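Here are the chains, one letter per residue:
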Amino acid sequence: MYDLLNKAKAGFESTFYSTNGQHHTYASFAPGRVNLIGEHTDYNQGFVLPCDLEFGTVIYGVGKIVSSSEEDSGKIRVASENRKNGIHLFEANFEMSPGEIHWVNYIKGVIFEYLADLPPKKSFTIDIYIASSVPIGAGLSSSASLTVSIATFLEALLEGNGIEISNDIKTKPRRCRAAEHKFVGTPCGIMDQFVSALAPSKHAILLDCLSETFEPVPLDDPLLAILIADSRVTHSLAERSNQYPVRVSQCESAAKILGVESLRNATEKDIERIDDPIIKSRARHVITENERCIKFADALKAKNYVEAGKAMFQSHSSLRDDYEVSVPELDCLVDIASSVDGVFGSRLTGAGFGGCTVSLVKADKVEDLTSKLKSGYKERYGIEPNIFVTKAG
C-alpha cells in the first residue's frame, strides 16, 4: 500500500502542484476483493463469501470545505494514473448528473451522496489523484475499491473540518452502492462495497445480503493460497455487457412467479413451479448457490479444503450451465486448474462475461498451477493469463 501511496502523491504533485506543507492533504485506501463463492446472489438478498485483496486504490489530494459564495466553491478536479487523459473538472452540487466520462461518474456519484453532510451554504473543493493496483474489468471490483476510497477520503475531509459523520458502519457501503445505481447505471448488490469497507484483516466474510450482517471466516492458513487468473477478457457491467441487468430482471421474474420477495426465500422444491426453462435455470443457480455458500463457509472454518473446493467447482458449473455467464476462456482456466495436483477448487469470480477465475490451492503447488495455467491457456488462445497470488487483505 505504501508504494501505491507514494505513487499517488508523486502523481498528484506532477499533475496539480506541490503540497510542501502548504496545503492540508488527505489520503485514503480501499482494497479490491475476490468473491470466493456466492455469485449473483447478492442482488437476490442471498449469501456471498468474499475477502479483501492485498491490492487496492489510493486517493491522494487536497480538500477544503468552503462557503458556497467563494469562487472555487464546488470545483472538483480529478486525475488518475490508470486513465491517461488529463484532469477532469466538474462541479459538485445537488443538480449534478452523470457525464460522458464513465469512470468519473463513480466519483461524481459518491460525492453526490455526501453533499447532504455539509452544513448549509457550504461546498466541497477538491483536487485528487488516483492510483490503483486493482485490474480494471477483471471482476475484482476495481469500481468498489474506487468508490469506497473516495468515500473514505470525503469522510476524512468532513471530520477534519469538525463535521460529524454517521456512526453506522453500513452507511459508507450503502452510499457507494447508491452511487453506482444512480450515476453509473449498474444495478449491483451490496457485496463489493461492503467487503471493501468492512471486512476484517485475514478473514473472508459470510455476508447475508438481506440483513446486511456478516460473520468473519478465518482465512489465514499459511498452507493455503488464493490464486487469481485473469483471462484478459474484460467486461463492463454497465456498458459492454447488457446481460447483467437481464439476469437481475430474470431473477425478479422468478421471484414474482413463486410469490416471494426474492429468491432468498425460495427452495429447490419451488423451482419445479416455474415453467419457463430459462427463468427456471436462473432460479436454480441462485437457490443452490446460496446453499453452496453456507457449506463452503462451514468447510473453511473446519479447514476442510476438499469439501470447500467441491463447492467451488459446482458453483462454476452452475454459473456456466444454469446462469450462462461464463465464457470459453474462463471454462478453459477452470479445466486446467482442475487437472493440477494440489488445487482444491476453482471457479469464475465476479459477474462473469470475462474477467477472472479464483482457485484455492496448496501454497507449495502455486508454482506448478501458475505454469500450467500460462502454458495451457497460451496454447488455446495465444496469450498468457495474468496471474495474481494473494491472501486475504
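Here, the structure is the one placed above.
Notes on the structure follow.

Attention shifts here to the packing of aromatic side chains. Aromatic rings considered in pairs are described by the distance between their centres and by the relative angle of their planes. Here the structure, examined in full by the defined rule, presents 12 aromatic pairs. Ring plane angle 85° and centroid distance 5.2 Å describe the contact between phenylalanine 12 and tyrosine 17, whose orientation is recorded as edge-to-face. Aromatic side chains tyrosine 43 and tyrosine 244 sit 5.5 Å apart centroid to centroid with 70° between the ring planes, which places their arrangement in the edge-to-face category. One end of the pair, tyrosine 43, is in the loop between strand E1 (25-37) and strand E2 (47-67); the other, tyrosine 244, is in helix H6 (residues 243-258), with 201 residues separating them in the sequence. Across the pair, exposure class does not vary: tyrosine 43 and tyrosine 244 are buried alike. Each member of the aromatic cluster is reached from another via a ring pair, and the members are Phe12, Phe16, Tyr17 and Tyr60. Here the basic side chain of arginine 247 rests over the ring of tyrosine 323, its NZ or CZ set 6.0 Å away from the ring centre.

Quick look at the sheet that holds strand E9 (residues 343-349) now. Read across the open sheet, the 4 strands follow the order E9-E10-E8-E11; overall the sheet is antiparallel. The sheet terminates laterally at E9 and strand E11 (386-390), the two strands that pair on one side only. Taken over all neighbouring pairs, the strand axes of this sheet differ in orientation by 20° on average, direction set aside. In the packing of helix H9 (residues 328-338) onto the sheet, the strands contacted are strand E8 (224-230), E9 and strand E10 (356-362), and the crossing angle to E9 comes to about 175°. Strand contacts of helix H10 (residues 366-381): E8, E9, E10 and E11, with the helix running at about 15° to E8, the strand carrying the most contacts.

Negative phi is the rule for most residues except glycine; trans is the rule for most peptide bonds. Within the chain, lysine 303 stands out as a residue other than glycine whose phi angle is a positive 55°. Position of lysine 303 among the secondary structure elements: in the loop between helix H7 (277-301) and helix H8 (305-321). Judged by its relative accessible area of 46%, lysine 303 falls in the partly exposed class. Positive phi, close to 55°, is recorded for glutamate 324, a residue that is not glycine. Position of glutamate 324 relative to the elements: it lies in the loop between H8 and H9.

By the secondary structure assignment, serine 359 is in strand E10. Reaching out from serine 359, the side chain makes a polar contact with the side chain of serine 346 at a distance of 2.8 Å. For serine 359, the contacting residues outside a window of four places in its chain are Ala225, Ile226, Leu227, Met312, Ala337, Gly345, Ser346 and Leu369.

Its place among the elements puts alanine 138 in the loop between strand E5 (122-132) and helix H3 (142-160). Taking the relative accessible area as the measure of exposure, alanine 138 reaches 2% and is therefore buried.

The periodicity of an α-helix, 3.6 residues per turn, causes residues three or four positions apart to be oriented the same way. Taking 1.5 Å of rise per residue, the 19 residues of H3 would be expected to cover 27 Å, and the 27 Å separating its terminal C-alpha atoms lies within 8% of that figure. Within H3, 15 of the 19 residues are buried, leaving the element largely enclosed by the surrounding structure. Phi for glycine 162, located one or two positions after H3, is positive at around 75°.

Below, the discussion takes up the packing of H9 against H10. In the contact formed by H9 and H10, the axes pass within 9 Å of each other and the chain directions differ by 140°. As far as their axial angle goes, H10 and H9 are oblique. Seen along the crossing, H9 lies across H10 with a hand that is right-handed. For the pair H9 and H10, the contacting residues are Pro328, Glu329, Cys332, Leu333, Ile336 and Ala337 in the first and Leu369, Lys372, Leu373, Gly376, Tyr377, Arg380 and Tyr381 in the second. Across the contact of H9 with H10, the residue classes tally to 9 nonpolar, 1 polar and 3 charged.

Applying the stated criterion across every chain, the model contains 25 salt bridges. Notably, a salt bridge pairs glutamate 324 with arginine 282, separated by 3.0 Å at the nearest N-O pair. Here glutamate 324 is found in the loop between H8 and H9, whereas its partner arginine 282 is found in helix H7, with 42 residues between them in sequence. By relative accessible area, arginine 282 is classed as buried at 4%. Connected through shared salt-bridge partners, Glu39, Glu289, Arg292 and Arg347 make up one network.

This paragraph deals with the state of the cysteines. Covalent bonding between the sulfur atoms of two cysteines is what defines a disulfide. Following the criterion strictly, the structure yields 0 disulfides and no others. No disulfide involves cysteine 188; its sulfur sits 9.9 Å from that of cysteine 176, the nearest cysteine. When its relative accessible area of 10% is taken as the criterion, cysteine 188 is described as buried. No disulfide involves cysteine 332; its sulfur sits 14 Å from that of cysteine 356, the nearest cysteine. We classify cysteine 332 as buried; its relative accessible area is 7%.

Procedures and definitions
Residues numbered from 1 in each chain as written. Predicted model: local features only at pLDDT ≥ 70, side-chain atom pairs only at ≥ 80, totals over all residues. Heavy atoms only, no water. Phe/Tyr/Trp six-rings, centres within 6.5 Å; stacked < 30°, edge-to-face > 60°. Helix = DSSP H or I, 4+ residues; strand = E, 2+ residues; numbered from the N terminus. Buried < 20%, exposed > 50% of the residue type's maximum accessible area, 1.4 Å probe, protein only. Lys NZ or Arg CZ within 6 Å of the ring centre and 35° of its normal. Pairing = 2+ DSSP bridges. Axes fitted to C-alpha atoms, helices over the stretch in contact; angles between N-to-C directions. Contact = heavy atoms within 4.5 Å. Polar contact = N/O pair within 3.5 Å; in protein donor to acceptor, adjacent residues only side chain to side chain. Expected span 1.5 Å × (residues − 1). Parallel < 35°, antiparallel > 145°, perpendicular 65-115°, else oblique. Left-handed = near helix turned anticlockwise from the far one by under 90°. Nonpolar A, V, L, I, M, F, W, Y, C, P; charged D, E, K, R; others polar. Salt bridge = Lys/Arg side-chain N within 4 Å of Asp/Glu carboxyl O. Disulfide = S-S within 2.5 Å.

Coordinates in, geometry out; function isn't part of it.
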